[in-house]
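# Understanding the architecture of this molecule
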Amino acid sequence: MRIKILSEQLASQIAAGEVVERPASVVKELVENAIDAGATTINVEVREGGRKLIQVADDGAGIAADEVETAFVRHATSKLASAESLTAIATLGFRGEALAAIASVSHVTIVTRTRDEQAGTRLVLEGGHLRGRDAVGAPQGAVIAVENLFYNTPARLKFLRTTTTEKRVIDEFVTRYALAYPRIRFRLAHDGRIALQTSGNGSTRDVLAAVYGVDVARDLLPIGDTDAPAADGNASIRPITVTGYAGPPSLNRANRTHITLFVNGRWIKDSRLTYAVTQAYHTLLPKGRFPLAVLFIAMPHDQVDVNVHPTKTEVRFRDSNRVFGAVQRAVRDALLAETTVRPFAQLTPTAHAAGWAGALDDRSFAHSRTASDDAQQTLSLPQPAGLEEAIGATDSAETPPPDHALGGHKLPIMRVLGQAGASYIITEGPDGLFLIDQHAAHERILYEQFMAAHADRQIPAQGLVAAAVVQLTPSQAHLLAEQLDRLAALGFDIEPFGPNAFKVRSIPALLARVDPTQAVLSVVEELERDATPLQDTIEAHLIKRVCKTASVKQGQTLSGQEMEAMVRQLEACANPHTCPHGRPTMIHLSVAQLAREFGRI
Ligand code: ADP
Ligand code: MG
């Protein structure tokens, strides 16, 4: 084939792929344009996760009638005058690509008017081609409606994630801008339902309250740090300021997604700076837990290159070590200033500490439902079929093969010798010692009990005397709302209770001693863990999560009786050697191995 220059249409469709990856990217670009236009109110309306419609209305400067067509031409921008200005970009947009890219893969209608104009302009485009233009009455600003996204790029359409996922990603984007621009009134609605609304009163904490709920917002610690000019007085080194809010250690989360970073008003992804934040919490958080933080990093525009990637979410710093240091110091200072900061060990909720033992003795949930004698039988029955099989099939990768050194499936009779490190139960069997991981073992026990109850469709629920109200972020609320039926089958009676809030009326009896809010949050964390889990594995993951939440933790001292009960129940398990996530529940030290270690053979 001969070398040809791509048609403008094809070239912009290809380029569009980089800018417009998914519906959320359209939302991002349109909202950025509205912010750049100086809007004080931004209304985002989404239908069907953006497949059907994304409409962003703002009250910014608007586009003059004689420039509206130009705005949709590739590389047309009002924000970059010369090559020099590329080194110090103060606007969110500058590449002049977004409108052209969006228009080339959708149906776009724009209605806009500037302050000085009498009438507004309406333009209709289809796949980038002009289809209509007329003068209309319109308020100042711009309303851009994007319909039928990717209608002419079937490959992209096919790879779109589920509506739920898109909604969630859109929520996340709009939430970020709302946080970074507290003076702008944001309103986001999905299919007519409001997901986020901010007042525009300029208070970041108020936006945080709208996003995370008033309780969380109240607990957040303010951050304020100015990286003073270097001592040598080098004038080119100007300050980096870090402001924002960080959660106290007790507000920790299961993943890093609640660490949000902005540089000069632009949301960025930067694993190194995210690490700087987690580093600041060093020793204050349990392993595998992450803080909640919203940080605004401000620095001279020439100290950061935002022209790294078309989506402009990656940036390069002139002096990244200095930024790292400034972030870490600012967060650390805020934490140290807070007198109530304690090492995480003291923050472990006491509900857990008192709670687990009951689940082991005959008040355990299996017993609460049936007469206590046949409960014991339920536990020793073979694996319930159905879901357990489905889990085995989908999770086989994470379940190691059974440990043959232990001589097959069943456990030998063991005698409890004691507990080590408040985490491991030491037992003696016919051939040596066993170290049992109390958390993993308890997870396995609860899991098999839960699955047995599930097979009978009789998962006992524990009603709450006073319903608990859980406040979530819009994206979390979406995730939870989608799973309410599924959760109901597991014993959670949860119903929507105002915007992004839920009322919890009951939880699985297994979790009776866990704080109901914590129980629901841990379920939500599970849903957040995987952006697009297969629908049929969600239930399996949820069940495992419930068991994990209910089980005894590392670091809990157990009485002899409690250890006995745990070992007996583990012996009764069909799959005693691994926890539901596939980690081993025990280590075996055979007599022969001990002899070897002591140099006897
Ligand atoms: P960029 O934002 O990189 O300049 P875009 O393709 O997003 O490129 O937009 C092209 C131009 O259209 C902008 O430079 C701006 O002048 C104008 N524009 C886009 N959206 C708006 C808006 N909501 N209000 C006013 N002007 C806008
Ligand atoms: Mg733009």
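Structure: see above.
Keep in mind that what you see is a predicted model, and the values were worked out from it rather than measured.

## Some details on the environment of Leu 80
Among the structural elements, Leu 80 can be located in the loop between helix 3 (68-71) and helix 4 (98-104). By relative accessible area, Leu 80 is classed as partly exposed at 25%. On a C-alpha basis, the gap between Leu 80 and Gly 93 in space is 9.0 Å, while along the polypeptide they are 13 residues apart.

## Re unusual backbone geometry
Even without glycine at this site, Asn 148 takes up a positive phi of about 50 degrees. Tracing the sequence through the fold places Asn 148 in the loop between strand 6 (141-147) and helix 5 (154-158). In this structure Asn 148 comes out as partly exposed when scored by relative accessible area, which is 34%. The phi dihedral of Asn 264 falls on the positive side, at around 50 degrees, and the residue is not glycine. What makes Asn 264 partly exposed here is its relative accessible area of 23%.

## Describing the sheet that holds strand 16 (residues 415-420)
Here four strands make up an open sheet; going across it, the order is 16-17-18-22 and the pairing antiparallel. Edge strands, defined here as strands with exactly one partner in the open sheet, are strand 16 and strand 22 (586-589). Put simply, the sheet's adjacent strands are angled 25 degrees from each other on average, direction ignored. The strands that helix 15 (residues 438-455) touches are strand 16, strand 17 (424-429) and strand 18 (432-437); relative to strand 18, the one it contacts most, it runs at about 75 degrees. Along the sheet face, helix 20 (residues 560-571) touches strand 16, strand 17, strand 18 and strand 22 and points at about 120 degrees away from the line of strand 16.

## Some thoughts on the packing of helix 16 (residues 474-482) against helix 18 (residues 516-529)
Working note: a packed helix pair is described by the angle between its axes plus the distance between those axes. Running from N to C, helix 16 and helix 18 cross one another at 95 degrees; their axes reach a closest spacing of 10 Å. As judged from the angle between their axes, helix 16 and helix 18 are roughly perpendicular. Packed against helix 16, whose contacting residues are Gln 476, Leu 479 and Leu 480, the element helix 18 presents Val 520, Val 524, Leu 527 and Glu 528 at the interface.

## As for the site of ligand 1
Within the structure, ligand 1 sits among 18 residues, and Asn 33, Thr 77, Ser 78, Lys 79 and Gly 96 are positioned closest to it. Here an oxygen atom of ligand 1 and a side-chain polar atom of Lys 79 are 2.7 Å apart. Contact distances for ligand 1 include 3.3 Å between an oxygen atom and a backbone N or O atom of Ala 98. The fraction of the free accessible surface of ligand 1 (530 Å²) that becomes covered by protein chains is 92%. When grouped by side-chain class, the residues that make up the shell around ligand 1 number eight nonpolar, six polar and four charged.

## Things to note about the sheet that holds strand 19 (residues 461-471)
Within the open sheet, the three strands sit side by side as 19-21-20. Their pairing is antiparallel. With one partner strand each, in any of the chains shown, strand 19 and strand 20 (493-496) form the two edges of the open sheet. With direction set aside, neighbouring strand axes in the sheet form an average angle of 15 degrees. One ladder, built from four bridges, connects strand 20 with strand 21 (residues 501-508); its direction is antiparallel. Pairing of Asp 493 across the sheet is with Ser 506, part of strand 21.

## Side note on the side chain of Glu 526
Inspection of the secondary structure assignment puts Glu 526 in helix 18. Taking relative accessible area as the criterion, Glu 526 reaches 9% and is therefore assigned buried. Apart from residues no more than four positions distant in its own chain, Glu 526 is found in contact with His 541, Leu 542 and Arg 545.

## Considerations on the side chain of Gln 438
On the secondary structure map, Gln 438 appears in helix 15. When neighbours within four sequence positions are excluded, Gln 438 is seen to be in contact with Gln 419, Ala 422, Ser 423, Tyr 424, Ile 425, Val 552, Lys 553, Gln 554, Gly 555, Gln 556, Leu 558 and Met 566.

## Some remarks on the environment of Leu 130
Relative to the elements of secondary structure, Leu 130 occurs in strand 5 (residues 129-136). In the structure, Leu 130 is positioned 27 residues away from Ala 103 in sequence and 9.8 Å away in space, judged by C-alpha atoms. Discounting chain neighbours no more than four positions away, the residues touching Leu 130 are Glu 69, Leu 123, Val 124 and Leu 125.

## Observations concerning the packing of aromatic side chains
Evaluation of the coordinates by the stated rule reveals three aromatic pairs. Ring geometry for Phe 262 against Phe 296: centres 5.1 Å apart, planes inclined by 20 degrees, an arrangement best described as stacked. Of the two residues, Phe 262 sits in strand 11 (residues 259-263) while Phe 296 sits in strand 13 (residues 293-298), which places them 34 residues apart along the sequence. Phe 262 gets classed as buried once you look at its relative accessible area, which sits at 0%. With a relative accessible area of 16%, Phe 296 lands in the buried category. It is Arg 176 that lies over the ring of Phe 173; its NZ or CZ is 5.2 Å from the centre. Over the ring of Trp 267 we find Arg 176, and its NZ or CZ is 3.6 Å from the ring centre.

## Some points on the environment of Arg 322
With respect to the helices and strands, the residue Arg 322 is situated in helix 10 (residues 320-337). Looking at Arg 322, the relative accessible area reads 18%, which means it is buried. Note: C-alpha distance between Arg 322 and Ile 240 (82 residues apart in sequence) is 8.4 Å.

## Description of the pattern of salt bridges
Overall, the coordinates contain 22 salt bridges when judged by the stated rule. Here Lys 79 makes a salt bridge to Asp 36, at a shortest N to O gap of 2.9 Å. Of the two residues, Lys 79 sits in the loop between helix 3 and helix 4 while Asp 36 sits in helix 2 (residues 23-36), which places them 43 residues apart along the sequence. For Lys 79, a relative accessible area of 26% translates into the label partly exposed. A salt bridge links Glu 525 to Arg 289, with the shortest nitrogen-to-oxygen separation between them at 3.2 Å. One end of the pair, Glu 525, is in helix 18; the other, Arg 289, is in the loop between helix 9 (271-280) and strand 13, and 236 residues separate them in sequence. For Arg 289, a relative accessible area of 24% translates into the label partly exposed. Salt bridges sharing partners connect three or more residues here, namely Arg 289, Glu 525, Glu 526 and Arg 545.

The rules behind these values
The residue numbers shown here count from 1 along each chain, following its written sequence. Chain A is the first chain written and ligand 1 is the first ligand written, with later ones labelled in order. Only residues with pLDDT of at least 70 get local features here, since the model is predicted, and only at 80 or more are side-chain atom pairs given and counted; chain-wide, interface and lining totals rely on the full set of residues. Excluding hydrogens and water, the side-chain values take into account all heavy atoms of the structure. Under the DSSP-based scheme used, a helix requires at least four consecutive residues in state H or I and a strand at least two consecutive residues in state E, with every element numbered from the N terminus. Burial classes: relative accessible area under 20% of the type maximum marks a residue as buried, over 50% as exposed, and values in between as partly exposed (1.4 Å probe, protein chains only). Only strands that DSSP links by at least two bridges are regarded as paired with each other. Here an angle of 0 to 180 degrees is reported between the N-to-C directions of two axes, which are lines fitted to C-alpha atoms, with helices fitted over the stretch in contact. Contacts are residue-level and defined by heavy atoms, with any inter-residue pair within 4.5 Å sufficient. Note on angle classes: values under 35 degrees are labelled roughly parallel, values over 145 roughly antiparallel, values of 65 to 115 roughly perpendicular, and the remainder oblique. Each residue is tested against the molecule or strand, and it is near if at least one of its non-hydrogen atoms lies within 4 Å. Polar contacts, as counted here, are pairs of nitrogen or oxygen atoms within 3.5 Å of one another; within protein the pair requires one atom able to donate a hydrogen and one able to accept it, and residues that are adjacent in sequence qualify only if both atoms are side-chain atoms. Per-residue accessibility takes into account occlusion by the displayed protein chains alone, with areas from the Shrake-Rupley method and a 1.4 Å probe. Each residue is assigned to one of three groups, with Ala, Val, Leu, Ile, Met, Phe, Trp, Tyr, Cys and Pro labelled nonpolar, Asp, Glu, Lys and Arg labelled charged, and all others, Gly among them, labelled polar. Here is the rule: rings of Phe, Tyr and Trp (six-membered ring for Trp) pair when centre to centre is within 6.5 Å. Planes less than 30 degrees apart are stacked, more than 60 are edge-to-face, and the remainder are tilted. Lysine NZ or arginine CZ positioned within 6 Å of the ring centre and within 35 degrees of the ring normal marks a charge as sitting over the ring. A carboxyl oxygen of Asp or Glu within 4 Å of a side-chain nitrogen of Lys or Arg is what we treat as a salt bridge.

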